[in-house]
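One letter stands for each residue in the lines below.
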Amino acid sequence: MKIVVDNGGTKSDWAVISSGEYFTANSINVFGPESEILVELKKNLANKFFHTKKCSLYFYTTGATESVVLKLTNLFNSHFPNITINIYSDMLGASRALFQKKPGIACILGTGSNCAYYDGEKNHHLEPSLGYLFGDEGSGYCLGKRILGKYFKEELSIDLNQSLEEYTTLQREQLLSKIYSSSNPKFFIASFSKFLKKNESNPQIQAIIFESINSFLNMYPLKYLEFHGNKIGSRNVGFVGSVSLNFAYCIEKIMNSHDVYFTIVDKPIQGLIKYYQ
């Protein structure tokens, strides 16, 4: 049996390649303690879809650093000896899901953000992925940080300020304390992208969405086209992730202004299943 996993910042999709069946679970925090990772792995691998213990598993994940790959490899070797594990970055997963074995520019706009030129086999980066501390332009985290920054600095309109306090059911000091005491502030801040979606007709919200996504597009895919456009053509640009889905109209407006055609894929796992079939 062959299994493919797309482990993102919020959710993970697990699929059996032969049948194309898949299910969605909470994401596995690959930076967390090994004991917690092991609990999640055992729970997901116990799913009814996986009717045999011996299999090959293709695990695409956010945060696939060398240390994370080594940690996951050791975990599987120690606790799942019948599983052959192959670990890849979520960026490569996005590229393969979007373009299979053809070249293109792949973009992730979800809890975090990333972009790469895919030559049909490997990814190439013009800019390093710096994570949420120094990067993640256009991501859910970036959107949440922008709206919360304006809220704490009292730069929001009265009605928007009230809407945010009704949304959180917290006062300003309470919310700030909750963010800094959160075990995972990145994901908590990113969750406020839902508030932006809910209030996207508000002019201030529209400006935040446009500025955030425009900064990502100009820094990554549009810049990549300058370097690789002659290799791939202007039609091979693709997006995955919740932000690209929720704010597709914003991406469309900006990309159309540059005369660049693009596609958005809802579930990368479906493209990954196709890649391995």
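Residues numbered from 1 in each chain as written. Predicted model: local features only at pLDDT ≥ 70, side-chain atom pairs only at ≥ 80, totals over all residues. Heavy atoms only, no water.

Chemist: Just checking my understanding: could you explain the sheet that holds strand β1 (residues 2-7) for this structure?
Modeler: The strands that make up a sheet pair up through hydrogen bonds in the backbone, lying either parallel or antiparallel. If you walk across this open sheet you meet the 5 strands as β3-β2-β1-β4-β5, and the pairing is mixed. Two strands in the sheet have a free side with no partner beyond their single neighbour: β3 (22-26) and β5 (83-89). Each strand axis lies, on average, 20° off the axis of its neighbour in the sheet, ignoring direction. When strand β2 (residues 11-16) meets β3, the two strands line up antiparallel, connected through 5 bridges. Directly across from W14, in β3, lies its bridge partner F23. Packing against the sheet, helix α3 (residues 90-99) makes contact with β4 (55-61) and β5, and its axis sits at approximately 90° to β5. Running over the sheet, helix α14 (residues 268-276) touches β1, β2, β3, β4 and β5 and is turned about 150° from β1. (Pairing = 2+ DSSP bridges. Helix = DSSP H or I, 4+ residues; strand = E, 2+ residues; numbered from the N terminus. Axes fitted to C-alpha atoms, helices over the stretch in contact; angles between N-to-C directions. Contact = heavy atoms within 4.5 Å.)

Chemist: Explain the packing of aromatic side chains here, please?
Modeler: What characterises a pair of aromatic rings is the spacing of the ring centres plus the angle enclosed by the ring planes. In total, this model carries 13 aromatic pairs according to the counting rule given. Here Y275 and Y276 contribute two aromatic rings whose centre-to-centre distance is 5.1 Å and whose plane-to-plane angle is 80°, an arrangement assigned as edge-to-face. Y275 gets classed as buried once you look at its relative accessible area, which sits at 17%. Through successive ring pairs, a cluster of aromatic residues spans Y167, F188, F192 and F195. (Phe/Tyr/Trp six-rings, centres within 6.5 Å; stacked < 30°, edge-to-face > 60°. Buried < 20%, exposed > 50% of the residue type's maximum accessible area, 1.4 Å probe, protein only.)

Chemist: How should I be thinking about helix α1 (residues 34-45) in this particular structure?
Modeler: Residues that lie three or four places apart on an α-helix share one face, since the helix turns once every 3.6 residues. With 12 residues, α1 ought to run about 16 Å at 1.5 Å a step, and its terminal C-alpha atoms sit 16 Å apart, in line with that. For α1, the full list of buried residues reads I37, L38, L41, N44 and L45. Within α1, the buried residues cover an arc of 135° as seen down the axis, which keeps them to one side. Along α1, exposed side chains directed more than 90 degrees from the buried face belong to S35, V39 and K43. (Expected span 1.5 Å × (residues − 1). Arc of directions from axis to C-beta.)

Chemist: Could you clarify how one ought to interpret the pattern of salt bridges in this entry?
Modeler: Close approach of charged atoms allows side chains of opposite charge to pair. Applying the stated rule across the entire model yields 5 salt bridges. In this structure, the salt-bridge partner of R146 is E211, at a minimum N-O distance of 3.6 Å. Of this pair, R146 sits in helix α5 (residues 140-152) while E211 sits in helix α10 (residues 203-219); the two residues are 65 residues apart in sequence, bridging distant segments of the chain. Classification of R146 by relative accessible area gives partly exposed; the value is 30%. One salt bridge in this structure joins E155 and K150, with 3.7 Å as the shortest N-O distance. (Salt bridge = Lys/Arg side-chain N within 4 Å of Asp/Glu carboxyl O.)

Chemist: Is there a simple way to explain the pairing of strand β9 (residues 237-240) in this structure?
Modeler: The side chains of a regular strand alternate between both faces of the sheet. With burial as the criterion, each face of β9 is covered, one bearing V237 and F239 and the other bearing G238 and V240. Both strand β6 (residues 104-109) and β9 contribute to a ladder of 4 bridges, which runs parallel. Within β9, the residue paired with I108 across the bridge is V240. As judged from the 3 bridges shared by β9 and strand β10 (residues 263-265), these two strands associate in the parallel manner. Note on β10: the bridge partner recorded for F239 is I264.

Chemist: Would you mind showing me how to read the packing of α3 against α14 here?
Modeler: Helix packing for two helices is described by the angle between their axes and how far apart those axes are. At a minimum axis distance of 7 Å, the contact between α3 and α14 shows a crossing angle of 75°. Viewed along their axes, α3 and α14 adopt a mutual orientation that is roughly perpendicular. Contacts between α3 and α14 pair G93, R96 and A97 from the former with P268, G271, L272, Y275 and Y276 from the latter. Considering only residue class, the contact of α3 with α14 consists of 5 nonpolar, 2 polar and 1 charged. (Parallel < 35°, antiparallel > 145°, perpendicular 65-115°, else oblique. Nonpolar A, V, L, I, M, F, W, Y, C, P; charged D, E, K, R; others polar.)

Chemist: Could you clarify how one ought to interpret the sheet that holds β6 in this entry?
Modeler: Strand order across the open sheet formed by 5 strands is β8-β7-β6-β9-β10, with mixed pairing between neighbours. One side of each edge strand has no neighbouring strand; the edge strands of this open sheet are β8 (123-124) and β10. In the sheet, β6 pairs with strand β7 (residues 113-118) via 6 bridges, with the strands oriented antiparallel. Residue pairing in the sheet places A106 in a bridge with A116 of β7. Across the sheet, α3 touches β6, β7, β8, β9 and β10, and the angle it forms with β6 is around 125°.

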